[in-house]
Amino acid sequence: MGSITFNHVFKQYKGESRPAVNDFHLSIEEGEFLVLVGPSGCGKSTTLRMLAGLEEISDGELYIDEKFMNYVSPKDRDIAMVFQNYALYPNLTVHENIALGLKLRKTPKYDIELRVNRVAKILEISHLLDRKPSQLSGGQKQRVALGRAIAREPQVFLMDEPLSNLDAKLRAQTRAEIIKLQSDLKRTMVYVTHDQVEAMTMGTRIVVMKDGVIQQVAPPRQLYDEPANLFVAGFIGSPQMNFVEGNVTLEEGRYYFSNKRMKLLLPRAYDAQFEKMNRAVRNVVLGVRPEHVLLKPSEESDDENGFVASVVQMTEVTGADSYVYVAVGESKLIARTDPGISYSKDDIPAIGFNMKKLHFFDENTGVSLAGGGEAQ
Ligand SMILES: Nc1ncnc2c1ncn2[C@@H]1O[C@H](COP(=O)(O)OP(=O)(O)OP(=O)(O)O)[C@@H](O)[C@H]1O
Ligand SMILES: [Mg+2]
């Protein structure tokens, strides 16, 4: 129970020239924890609201458990939704807030008592049941909102940025609670966030959206290691992947990446992917994550990693890691380094890359050409 299918779903708001959700096509398995992530305005909430029945679908079909849902009213969808602004009833106690949905569904009284108490125990709010929302902290309100959704025991949970009003510590704690809850209850979860760290830690699969269009659907690790395009590569990961413009050329049977400042002999692992590449592709963007950028205190010759000179612009120490910002000509790169070696502004270390961990994208379309899983 709780499987969901979007079949080429569109949402076009009245008077808008572009669809807010453009050809959303995806099946979600029952019990899955799916996260929708993307920048503000990319269509996450609209997608969720169409799933909940709060927003009309302009085109395409929505199925829940293989039943056609487009015209089914929200209350008949067996879905519970948690919003960013908890939307608790101020005049009702915590107990009454949690029980309300059950009452409306004519759940027997003893069953309501049982469920409210169980949920309160799970969320550690048993001692708050008689309070009004105004007497709760932000995190407690959030847990009441979660409790209200959970008490209904729906087949599908929808959550739209439910943690965004919480401070960092409470956020991490509630995040862990939601993950545990979902795995205990084994209900389908569709969770919206614009925070890529939240997406990566919570989802079993992540949908990255931009301008209403799905960019990639993949488990977290795969999204990180094999981004399908420049947008995903830049969006997932912090600090973000470094990008360097240049060309890929074939010389005497070997592939090189080069620009004014560097010429890298690429390992043969990429050959098969470059061979499939459209010959018309001239300009590429090389992508390399900060942890795969290598710095050496002075310029030494090392062909294998193609070291070139760079200039340090600043260093950021976060505790466990140091991030060194360097310039190579016009390219700016960030290297994650061992905090044991310190670099200061205007130092000129040599910079190289872990050559097995490079990504190459078509500069025009942004589509991934080579790199990621296949090349490693
Ligand atoms: N009722 C509406 N009428 C017209 N346009 C709307 C309406 N609601 C949303 N939009 C537009 O649709 C697009 C998608 O909005 P949506 O709320 O789904 O984005 P989002 O990904 O949830 O963003 P955020 O992270 O800021 O919450 C935006 O361009 C938004 O301006
Ligand atoms: Mg939103």
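Residues numbered from 1 in each chain as written. Chains lettered and ligands numbered in written order. Predicted model: local features only at pLDDT ≥ 70, side-chain atom pairs only at ≥ 80, totals over all residues. Heavy atoms only, no water.

### Some details on unusual backbone geometry
Here is step 1 of the chain: For the bond from Ser238 to Pro239, the omega torsion is -5°, close enough to zero to count as cis.
Here is step 2 of the chain: Position of Pro239 relative to the elements: it lies in the loop between helix H8 (230-235) and strand E11 (242-251).
Here is step 3 of the chain: With phi around 75°, Asp346 is a residue other than glycine that occupies positive phi space. (Helix = DSSP H or I, 4+ residues; strand = E, 2+ residues; numbered from the N terminus.)

### Details of the sheet that holds strand E8 (residues 188-193)
Here is step 1 of the chain: Reading across the sheet, the 6 strands line up as E6-E7-E8-E3-E9-E10 and stay open at both edges, with mixed pairing between neighbours. Unpaired on one side and paired on the other, strand E6 (79-82) and strand E10 (213-218) mark the two borders of the sheet. Between one strand axis and the next, the sheet turns by 15° as a mean value, whatever way the strands run.
Here is step 2 of the chain: Judged from the 4 bridges that link them, strand E3 (residues 33-37) and strand E9 (residues 205-210) form a sheet pairing that is parallel. Bridged to Leu36 within E9 is Val207. (Pairing = 2+ DSSP bridges. Axes fitted to C-alpha atoms, helices over the stretch in contact; angles between N-to-C directions.)

### Some points on the site of ligand 1
Here is step 1 of the chain: In the vicinity of ligand 1, the contacting residues are Tyr13, Glu16, Ala20, Pro39, Ser40, Gly41, Cys42, Gly43, Lys44, Ser45, Thr46 and Glu161.
Here is step 2 of the chain: In the model, a nitrogen atom of ligand 1 is placed 3.4 Å from a nitrogen or oxygen of the Tyr13 side chain.
Here is step 3 of the chain: The separation between an oxygen atom of ligand 1 and a polar main-chain atom of Gly41 is 2.7 Å.
Here is step 4 of the chain: Relative to its unbound accessible area of 630 Å², ligand 1 is 59% covered by the protein chains. (Near = heavy atom within 4 Å. Polar contact = N/O pair within 3.5 Å; in protein donor to acceptor, adjacent residues only side chain to side chain. Areas by Shrake-Rupley, 256 points an atom, 1.4 Å probe, with all protein chains shown as cover.)

### Examining the pairing of strand E1 (residues 4-11)
Here is step 1 of the chain: Note: E1 against strand E4 (residues 59-64), 5 bridges, orientation antiparallel. By the bridge assignment, Ile4 is partnered in E4 with Ile64.
Here is step 2 of the chain: Note that E1 and strand E2 (residues 21-28) share 5 bridges and pair antiparallel. Its bridge partner being in E2, Phe6 is matched across the sheet by Leu26.

### What about the domain arrangement of the chain?
Here is step 1 of the chain: Here the chain is partitioned into domain 1 (4-234) and domain 2 (241-362).
Here is step 2 of the chain: Between domain 1 and domain 2, the C-alpha centre-to-centre distance is 40 Å.
Here is step 3 of the chain: The interface is formed by 8 residues belonging to domain 1 together with 8 residues belonging to domain 2.
Here is step 4 of the chain: In total, about 660 Å² of surface goes out of reach between domain 1 and domain 2, with carbon and sulfur atoms giving 62% of it.
Here is step 5 of the chain: When the buried surface of domain 1 facing domain 2 is broken down by residue, Tyr224, Leu230 and Ala233 rank first, second and third, together holding 72% of it.
Here is step 6 of the chain: Linking domain 1 with domain 2 are 0 salt bridges, by the criterion used here.
Here is step 7 of the chain: Inspection of the region where domain 1 meets domain 2 yields 2 residue pairs in polar contact (both at pLDDT 80 or more). (Domains from an automatic or database assignment. Contact = heavy atoms within 4.5 Å. Buried area = accessible area lost by both parts, 1.4 Å probe. Salt bridge = Lys/Arg side-chain N within 4 Å of Asp/Glu carboxyl O.)

### What to know about the sheet that holds strand E14 (residues 283-288)
Here is step 1 of the chain: Spatial strand order, E13-E12-E11-E14-E21-E22: 6 strands in an open sheet with antiparallel pairing. A strand with exactly one partner marks an edge of an open sheet, and here the two such strands are strand E13 (263-265) and strand E22 (368-371). Shown here is a sheet whose adjacent strand axes are inclined to one another by a mean of 35°, direction ignored.
Here is step 2 of the chain: Inspection of the sheet shows strand E12 (residues 254-258) paired to E13 by 3 bridges, in the antiparallel sense. Bridging from a neighbouring strand, Ser258 pairs with Lys263 of E13.

### A word on the UniProt feature "domain: ABC transporter" (unreviewed entry) in the chain
Here is step 1 of the chain: Under the UniProt annotation, the feature "domain: ABC transporter" (unreviewed entry) is placed at residues 4-236.
Here is step 2 of the chain: What you have in residues 4-236 is 36% helix and 24% strand, and the ends, taken at the C-alpha atoms, are 25 Å apart. (UniProt positions renumbered as here; feature names shortened; annotations may be inferred.)

### Considerations on helix H5 (residues 168-185)
Here is step 1 of the chain: Its 18 residues give H5 an end-to-end C-alpha distance of 26 Å, which sits within 8% of 26 Å, the value for a rise of 1.5 Å per residue.
Here is step 2 of the chain: Listed in full, the buried residues belonging to H5 are Leu170, Arg171, Thr174, Arg175, Glu177, Ile178, Leu181 and Gln182. Taken around the axis of H5, the buried residues stretch over an arc of 165°, which confines them to a single face. Residues of H5 that are exposed and point over 90 degrees away from its buried face: Ala168, Lys169 and Lys180.
Here is step 3 of the chain: The elements touched by buried residues of H5 are E3, helix H3 (109-122), helix H4 (138-151), strand E7 (156-160), E8 and helix H6 (196-202). (Expected span 1.5 Å × (residues − 1). Buried < 20%, exposed > 50% of the residue type's maximum accessible area, 1.4 Å probe, protein only. Arc of directions from axis to C-beta.)

### Topic: the pattern of salt bridges
Here is step 1 of the chain: Inspection of the entire model under this criterion finds 14 salt bridges.
Here is step 2 of the chain: For Asp271, the salt bridge is made with Arg268, and the minimal N-O distance between the two is 3.2 Å.
Here is step 3 of the chain: With relative accessibility at 10%, the residue Asp271 sits in the buried group.
Here is step 4 of the chain: Beyond isolated ion pairs, a larger network of salt bridges with shared partners links Lys11, Arg49 and Glu55.

### Observations concerning the packing of aromatic side chains
Here is step 1 of the chain: One pass over the structure, following the stated rule, counts 11 aromatic pairs.
Here is step 2 of the chain: With 6.3 Å between their ring centres and 85° between their planes, Phe243 and Phe361 make a pair best called edge-to-face. Taken together, the positions of Phe243 in strand E11 and Phe361 in strand E21 (residues 359-362) put the pair 118 residues apart, joining distant regions of the chain.
Here is step 3 of the chain: Judged by its relative accessible area of 26%, Phe243 falls in the partly exposed class.
Here is step 4 of the chain: Here Phe361 falls in the buried class, since its relative accessible area comes to 0%.
Here is step 5 of the chain: What links up through ring pairs into an aromatic cluster is the set Tyr255, Phe257, Tyr270, Phe274 and Phe360.
Here is step 6 of the chain: The aromatic ring of Tyr256 is capped on one face by Lys263, whose charged end is 4.7 Å from the ring centroid. (Phe/Tyr/Trp six-rings, centres within 6.5 Å; stacked < 30°, edge-to-face > 60°. Lys NZ or Arg CZ within 6 Å of the ring centre and 35° of its normal.)

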